[in-house]
Amino acid sequence: MEIHKHSLKKYLIGFMLAAILTLIPFWVVWFGSLSARFMFLAITISAVAQILVHLRYFLNISFKHTAKDYLTALVFAGVLIFIMVGGTIWILFDLNFRMM
């Protein structure tokens, strides 16, 4: 079993990346120079990248050195989150269609 090295430098890098990935969607929406489809794409890419930053820098999860059971639990949690977010988006689009 590998012991993870916790250092202030890693946490600060993770914090800066998370802050930048939070500001990108705000900037994209604030200026509104892109179409709605590309705004949604930019927000989605930033969200997925931020999840990966949190997993790597704050939870210290590396896919190279993670136990099989731990990785299985992580994938299961990811599937559940995907189902919840996908279901929410599906319901919102359906409500939008029915209200128009």
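Everything below is about the structure shown above.
The model shown is predicted, which means the values in this text are computed figures rather than measured ones.

S.K.: In this structure, what is going on with the packing of aromatic side chains? I would like to understand it.
M.R.: In this description, an aromatic ring pair is defined by two values, namely the gap between the centres and the angle between the planes. Scanning the model with the defined rule gives two aromatic pairs in all. Aromatic pair Tyr11 and Phe58: ring centres 6.3 Å apart, planes at 10°, arrangement stacked. Of the two residues, Tyr11 is situated in helix 1 (residues 8–31) and Phe58 in helix 2 (residues 36–58); the sequence distance between them amounts to 47 residues. By relative accessible area, which is 31% here, Tyr11 ends up partly exposed. You can call Phe58 partly exposed: its relative accessible area is 29%. Judged by centre distance (5.5 Å) and plane angle (65°), the rings of Trp27 and Phe31 are edge-to-face. A residue pair is termed a helical-turn pair when its members lie 3 or 4 positions apart in one helix, as Trp27 and Phe31 do in helix 1 at four residues. Judged by its relative accessible area of 54%, Trp27 falls in the exposed class. Take Phe31: its relative accessible area is 53%, and that puts it in the exposed class.

What counts, and where the lines are drawn
- Numbers given for residues are sequential positions, taken from 1 along each chain in its written order.
- Under the rules for a predicted model, residues below a pLDDT of 70 receive no local features and side-chain atom pairs below 80 are neither given nor counted, while totals for whole chains, interfaces and linings still include all residues.
- For side-chain calculations, the full set of non-hydrogen atoms in the structure is used, while hydrogens and water are omitted.
- Any Phe, Tyr or Trp ring, taking Trp's six-membered ring, that has another such ring centre within 6.5 Å forms a pair; planes under 30 degrees apart are called stacked, those over 60 apart edge-to-face, and the others tilted.
- A run of DSSP states H or I qualifies as a helix once it reaches four residues; a run of E qualifies as a strand once it reaches two. Both are numbered from the N-terminal end.
- Think of it in three bands: residues with accessible area under 20% of the maximum for their type are buried, residues over 50% are exposed, and the middle band is partly exposed, with areas taken using a 1.4 Å probe on protein chains only.

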